[in-house]
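# Tertiary structure, described
Read off the chains here:
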Amino acid sequence: MATVVQTSEEDPQLSVVRFTSELAWADAGPEAAEPQVERLCVEAQECMVAGRWLDLVSLMLTSADLIFSKVSEKDLECIFTVICNVVTKSENADEMLEMAKLISAKVAQQPNDKPTLRLKILFNLYNLLTIPYGRFRVYLQALNLAVNGKVVDHIAPSLKKIDSFLKEWNLDVNDQREFFLAMSNVAKENKGSAKDSFKFLTKYLATFSGEEAHAMSEAKEEAVRAVVEFLKAPNVFQCDLLDMPAVGQLENDSQYSLVYQLLKIFLTQRLDAYLEFQAANSSLLKDFGLVPEDCVTKMRLMSLVDLSSNASGQIPYAVIRDTLQINDDEVEYWVVKAISAKLLDSKMDQMNEVVIVSRCSERVFGHRQWELLRSKLATWRITEDVTQATQGLMIR
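Figured I'd write up the structure that's included with this text. What you see as residue numbers is a count from 1 along each chain, following the sequence as written. Given that this is a predicted model, residues contribute local features only at a pLDDT of at least 70 and side-chain atom pairs are listed and counted only at 80 or more, while totals for whole chains, interfaces and linings are drawn from all residues. To obtain the side-chain values, all non-hydrogen atoms of the structure were included, while hydrogens and water were left out.

### Topic: the overall build of the protein
By definition, any uninterrupted DSSP run of H or I lasting at least four residues is a helix, any uninterrupted run of E lasting at least two residues is a strand, and each is numbered from the N terminus. In terms of regular secondary structure, the protein is built from 22 helices and three strands. Expressed as a percentage of contacts within the protein between residues at least 6 apart in sequence, the contacts between residues at least 24 apart total 62%. Two residues form a contact once any of their heavy atoms are found within 4.5 Å.

Laid out in structure tokens, this is it:
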């Protein structure tokens, strides 16, 4: 972190006001500049004496855009270190929050100009704050700056601390929505983070439950985006989107009902239903950037999962062939592909041409899946009790 070294008895905050005001009035000539510089310095001193720290910060930021364009990065860091440190002088939490909002908004205003330095300034401000909500507002600005300034790799390491951040911030539902959406945008821009983007997007959508129609419509575009991201993701085969009211509103929507229908096909039906949809709605797939070949690949794997969950533990090769609409010699390839994707655990009995499934994933995990899990747990408990009772008899 850069530190400001005082070379005179002048307070560092006053030094910054003097420096930035001289820079701002440099082209006006000494006669016009000196009175203005002196006026701003006097105003800054009055703020400091009266403890009006928010007014002081506002004054110090007056020429922020100018100094970003005319001052070296080293000097910029020093100047903003001084400005950020003003937040520590206030004992009023509300005033501290307003200062944090003002500084972070000004720093994030031009994301394409020195974005890495701007992020560094924001994190410096974050670490100086003692109020959790103020930290949240600054971090949110950092997220948006990272996306707009295309420097998401600089903020990516902090994403591992999200759970502890949320616990500390204790956000209300509106702030949660803003945060999850920003996180999703950051992950979307970060290479290899498509799963995280989808995860945060579903967290955002999950905050909408029981709202009136006008409030729910706020999430409509993001619900469509979540569906499309799920359909595009080659390694995501399970989701709870159908259970979310924010997504459910699409079912009867004049513009997006087909998007909902497509999601339902992927999560509840098999390849034949998808191919029928594709034949009738090829333009819709193109509009949302969905590649038919990729959709068929994903739908084959999900159809195989559906076969496994509904079978009695064994699936004939012929059933797989017909369901996936493939050749006889491709059956084992698709089974291996499903195993590699961790969608199922199975063995292939080549002699009898059956796949013996020991475990399979579920495309959705709703009421039916909970009932099956409850039944299995009850069976295991009974088996364990019988085994223990038998062992007890043998010991006697």
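### Considering the nonpolar core
We call a set of buried residues a nonpolar core when its members are Ala, Val, Leu, Ile, Met, Phe, Trp, Tyr or Cys and they connect through side-chain atoms within 4.5 Å of each other. Buried means the residue's accessible area, taken with a 1.4 Å probe over protein chains only, is under 20% of the maximum for its type, while exposed means over 50%, and partly exposed covers the values in between. F80, F230 and L241 are the most contacted members of the largest nonpolar core, which has 127 residues in total. In terms of residue count, the dominant contributor to this core is helix 8 (residues 132–148) (nine residues). Apart from the residues lying within four places of it in its own chain, the contact partners of F230 are F198, V236, F237, Q238, C239, L241, L263, F266, L267, K298 and M302.

### Focus: the packing of helix 1 (residues 12–24) against helix 3 (residues 53–60)
At a closest axis distance of 9 Å, the pairing of helix 1 and helix 3 adopts a crossing angle of 35°. On helix 3, the residues that touch Q13, V16 and V17 of helix 1 are L56, L59 and M60. Among the residues making up the contact of helix 1 with helix 3, the classes are represented as five nonpolar, one polar and no charged. Here, axes are lines fitted to C-alpha atoms. For helices the fit covers the stretch in contact, and angles between N-to-C directions go from 0 to 180 degrees. Charged means Asp, Glu, Lys or Arg here, nonpolar means Ala, Val, Leu, Ile, Met, Phe, Trp, Tyr, Cys or Pro, and polar covers whatever is left, Gly included.

### Here's the deal with the pairing of strand 3 (residues 354–360)
By definition, two strands form a pair when at least two bridges between them are found by DSSP. Where strand 1 (residues 314–316) meets strand 3, three bridges bridge the pair, whose relative direction is antiparallel. When the bridges of strand 3 are listed, I315 appears paired with V355. One ladder, built from six bridges, connects strand 2 (residues 344–349) with strand 3; its direction is antiparallel. Bridge assignment links D345 to a residue of strand 3, and that residue is R359. Hairpin connection of strand 2 to strand 3: four residues between the antiparallel strands, including E353 at a positive phi of 55°.

### Observations regarding the sheet that holds strand 1
To summarise the sheet geometry, strands pair through backbone hydrogen bonds and adopt either a parallel or an antiparallel arrangement. Taken in spatial order, the three strands of this open sheet run 1-3-2, and their pairing is antiparallel. Looking at strand neighbours, the two that pair on one side only are strand 1 and strand 2, the edges of this open sheet. In this sheet, neighbouring strand axes are inclined to one another by 30° on average, regardless of whether the strands run parallel or antiparallel. Helix 19 (residues 292–310) contacts strand 1, strand 2 and strand 3 of the sheet and is inclined by roughly 85° relative to strand 3. Against the sheet, helix 21 (residues 331–340) touches strand 2 and strand 3, its axis set at about 155° to strand 2.

### Considering helix 8
A helix is expected to reach a length of 1.5 Å times the quantity of its residues less one. Compared with an ideal rise of 1.5 Å per residue, which puts 17 residues at 24 Å, helix 8 spans 25 Å between its outermost C-alpha atoms and is within 8% of the ideal. Among the 17 residues of helix 8, twelve are classified as buried, and the element is accordingly described as predominantly covered. Listed in full, the buried residues belonging to helix 8 are G134, R135, F136, R137, V138, Y139, L140, A142, L143, L145, A146 and V147. Tucked into the core, helix 8 has its buried residues touching helix 6 (93–107), helix 7 (115–128), helix 9 (152–155), helix 10 (162–169) and helix 11 (173–189). Positive backbone phi, at 55°, marks K150, one or two positions downstream of helix 8.

### Concerning the packing of aromatic side chains
Any Phe, Tyr or Trp ring, taking Trp's six-membered ring, that has another such ring centre within 6.5 Å forms a pair; planes under 30 degrees apart are called stacked, those over 60 apart edge-to-face, and the others tilted. With the rule as written, the count across this model stands at 18 aromatic pairs. Put simply, the rings of F123, Y126, Y133, F136, Y139, F165, W169, F179, F180 and F200 pair up and form one aromatic cluster. In this scheme, Lys NZ or Arg CZ marks a charge over a ring once it lies within 6 Å of the ring centre and within 35 degrees of the ring normal. Sitting over the ring of F68, R118 keeps its end group 3.7 Å from the ring centre. Directly above the aromatic system of F200 lies the positively charged group of K199, at a separation of 4.9 Å from the ring centroid.

### Side note on the packing of helix 3 against helix 6
Between helix 3 and helix 6, the least distance of the axes is 9 Å, while the angle of their chain directions is 10°. The pairing of helix 3 with helix 6 is recorded here as roughly parallel in orientation. The segment helix 3 lies against helix 6, with W53, L54, V57 and S58 engaging E95, E98, M99, L102 and I103. When its residues are assigned to classes, the contact of helix 3 with helix 6 shows six nonpolar, one polar and two charged. An angle counts as roughly parallel when it lies under 35 degrees, as roughly antiparallel when it exceeds 145, as roughly perpendicular when it falls between 65 and 115, and as oblique in every other case.

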